[in-house]
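Fold and geometry: a report
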Amino acid sequence: MAREKLGVAVIGCGRIGGLRASLSSTHPGVDFLAISDREQKQADVLAQRTGADLVTTDNLAAITDDRVDAVFVSTPEHDHRDSIVQALEAGKAVFVEKPIALTLEDADIIIEAAERSGSELRVGYSRRHDRRWMMTKEQILQGRLGEILGMQSRVYNTRAQLMQILARSPDATPVTDVLTYYVDMACWFLEGVRPIEVVARSKYKIFKELGYNAADVTWAIITFENGAVVNLGVSYALPATYPTIGQSSRFEIIGDEGVVLLDADNKDSLLFTDRGAPHTYVPDHNINMMFMQTTSAADFAVGDYWGAVASETRSWLDHLMTGRPSPHTTPREARRTLAVTLAIEEAAATGLSVTLEG
Ligand SMILES: NC(=O)c1ccc[n+]([C@@H]2O[C@H](COP(=O)([O-])OP(=O)(O)OC[C@H]3O[C@@H](n4cnc5c(N)ncnc54)[C@H](O)[C@@H]3O)[C@@H](O)[C@H]2O)c1
């Protein structure tokens, strides 16, 4: 369904909600912007940046406003469900940040609301919208890798950033919050092939000593129904001032007719400054050395936002306006990814292999 204008609401005015709202406010099709945060100050600060038309601490008032067609749910990981369900039931298109939820029970309630209401729901796996991974999907669609036999990926970041995640969502872990992007990616690349079994091991020291149930290092192997084996790993325990300011990763796909090797550590985009540069995600955290482009969301430069979340947001708004298909993650894909990440945590905690349900 094509539209000429679009009204947008953003629920949660933090780092990512701030990006969604800023990008919406400059989108040529958006003629109304509502923002809501449970903290009045957060909403007020973002209102100044975006010139929002409606600023509130009442999520439901923003969601159900007649001028709103589409809702971004950018609240913390454990707090997505209620706003999504309210928006779907009000007939609004919904875009929620990853992961869809932290429990399968919440994910099922959300999926049931989406299917009952018929409203569109998409999930923000922004890694897909980084050009390297989007191009890889195209090579796979063109058959240039042949049959995928296996993949390997690992992602690193600093403990300073994980502490920000744990501060807003203490039950999130590097696996459910970050490795989830790479599980989404592996399943997207192996579209149509079901993951069936998970084995994993974790080491717990640094974050455990701080009182969290988050591992320092996790390595997992996921087996798919056709025998493809995918090895995924994550560590967010690197020293606090290590130059990564988001995600430093590698992703390698081995097919029987080709291979793709993505080096996304971004060590080739180096800034060093005696003046110190602000971290884009961790407040009051200046660093002298930075691997630019490691921000997984988007960077502000020369008057605008650039990067995966910028492309992802604009492309979803374009999709709503034009009706063109979009590659954003569906609720069923997001539920499967959540199930795999929870299985990785279970396998690491028990030392046993975990069989995934059909
Ligand atoms: N795609 C990406 O690149 C990316 C990057 C980081 C985070 N994320 C995801 O974005 C989401 C938010 O992360 P963030 O970094 O913006 O967090 P944040 O802490 O910066 O912002 C969260 C905001 O939500 C508000 N809030 C909390 N509960 C609320 C509620 N019930 N109703 C209204 N407002 C509420 C908080 O006051 C805060 O302003 C998470 O799901 C996270 O996983 C995505």
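These numbers come from a predicted model, not from an experiment.

1. Here's the deal with the side chain of Q247
With respect to the element layout, Q247 can be found in the loop between strand 10 (229-238) and strand 11 (248-255). For Q247, a relative accessible area of 2% gives the class buried. A distance of 3.3 Å separates the side chain of Q247 from the side chain of R127, its partner in a polar contact. Here Y182 takes part through its side chain, which lies 2.6 Å from a polar atom of the side chain of Q247.

2. Considering the domain arrangement of the chain
For the chain, the assigned domains read domain 1 (6-124) and domain 2 (128-297 + 338-355). Once you take the C-alpha centre of each, domain 1 and domain 2 turn out to be 26 Å apart. Contacts between the two partners involve 15 residues from domain 1 and, on the opposite side, 16 residues from domain 2. Here domain 1 and domain 2 share an interface that buries about 1,200 Å² over both sides, 61% of which is from carbon and sulfur atoms. Broken down residue by residue, the surface that domain 1 buries against domain 2 is led by R15, K98 and L102, which jointly contribute 48%. At the junction of domain 1 with domain 2, the criterion picks out two salt bridges. Residue K98 pairs with D177 through a salt bridge whose shortest N-O separation is 3.5 Å. Across the domain 1-domain 2 interface, the total number found is six residue pairs in polar contact (both at pLDDT 80 or more).

3. With respect to the site of the ligand
Taken together, 27 residues are adjacent to the ligand, and D37, Q42, E77, K98 and Y281 come closest. Within the contact set of the ligand, an oxygen atom lies 3.5 Å away from a backbone nitrogen or oxygen of G14. Within the contact set of the ligand, an oxygen atom lies 3.0 Å away from a backbone nitrogen or oxygen of R15. In the complex, 91% of the free accessible area of the ligand, which totals 850 Å², lies under the protein chains. Contributing elements (two or more residues each) for the shell around the ligand: helix 1 (15-25) and helix 8 (174-189). Residue classes in the shell around the ligand are distributed as seven nonpolar, ten polar and ten charged. Here the shell around the ligand spans two domains, and each of domain 1 (6-124) and domain 2 (128-297 + 338-355) adds at least three residues to it.

4. Here's the deal with the pattern of salt bridges
As a working rule, side chains carrying opposite charge can pair if their charged atoms are close by. Under the definition given, this model contains 24 salt bridges. For the salt bridge of D106 with R81, the shortest nitrogen-to-oxygen distance reads 2.8 Å. Here R81 lies in helix 4 (residues 81-89) and D106 lies in helix 5 (residues 104-117), a separation of 25 residues in the sequence. With its nearest N and O atoms 3.0 Å apart, the salt bridge here joins R154 to D265. Of this pair, R154 sits in strand 7 (residues 148-158) while D265 sits in the loop between strand 12 (259-264) and strand 13 (270-278), and the two are 111 residues apart along the sequence. Comparing R154 with D265, the two get one shared label, buried.

5. Comments concerning unusual backbone geometry
Looking along the chain, the bond that leaves K98 and enters P99 is cis, with omega of -20 degrees. Note on placement: P99 falls in the loop between strand 5 (93-97) and helix 5. If you check the backbone angles, D284 has positive phi at about 55 degrees while not being a glycine. Take D284: it is sitting in the loop between strand 13 and strand 14 (286-291). One non-glycine residue, Q293, adopts positive backbone phi at about 80 degrees. Turning to its location among the elements, Q293 is positioned in the loop between strand 14 and strand 15 (299-301). By relative accessible area, Q293 is classed as partly exposed at 47%.

6. A short note on the packing of helix 1 against helix 2 (residues 40-50)
Where helix 1 meets helix 2, the axes come as close as 10 Å, and the angle between the chain directions of the two elements is 30 degrees. Judged by the inter-axis angle, helix 1 sits roughly parallel to helix 2. As helix 1 runs across helix 2, the sense of the crossing is right-handed. Two secondary-structure elements touch here, helix 1 through G17, G18, L19, A21, S22 and S25 and helix 2 through L46, R49 and T50. Here the residues of the contact of helix 1 with helix 2 sort into three nonpolar, five polar and one charged.

7. Let's talk about the sheet that holds strand 17 (residues 354-355)
Pairing is mixed in the open sheet, where seven strands are placed in the order 12-11-7-10-9-8-17. Of all strands in the sheet, those with a lone pairing partner are strand 12 and strand 17, marking the two edges. Bridge analysis of strand 8 (residues 195-203) against strand 17 gives two bridges, and the strand direction is antiparallel. Bridging from a neighbouring strand, E197 pairs with T355 of strand 17. Relative to the sheet, helix 6 (residues 131-141) contacts strand 7, strand 11 and strand 12, its axis offset from that of strand 12 by approximately 175 degrees. Against the sheet, helix 7 (residues 159-168) touches strand 7 and strand 10, its axis set at about 90 degrees to strand 7.

Cut-offs applied
Residues numbered from 1 in each chain as written. Predicted model: local features only at pLDDT ≥ 70, side-chain atom pairs only at ≥ 80, totals over all residues. Heavy atoms only, no water. Helix = DSSP H or I, 4+ residues; strand = E, 2+ residues; numbered from the N terminus. Buried < 20%, exposed > 50% of the residue type's maximum accessible area, 1.4 Å probe, protein only. Polar contact = N/O pair within 3.5 Å; in protein donor to acceptor, adjacent residues only side chain to side chain. Domains from an automatic or database assignment. Contact = heavy atoms within 4.5 Å. Buried area = accessible area lost by both parts, 1.4 Å probe. Salt bridge = Lys/Arg side-chain N within 4 Å of Asp/Glu carboxyl O. Near = heavy atom within 4 Å. Areas by Shrake-Rupley, 256 points an atom, 1.4 Å probe, with all protein chains shown as cover. Nonpolar A, V, L, I, M, F, W, Y, C, P; charged D, E, K, R; others polar. Axes fitted to C-alpha atoms, helices over the stretch in contact; angles between N-to-C directions. Parallel < 35°, antiparallel > 145°, perpendicular 65-115°, else oblique. Left-handed = near helix turned anticlockwise from the far one by under 90°. Pairing = 2+ DSSP bridges.

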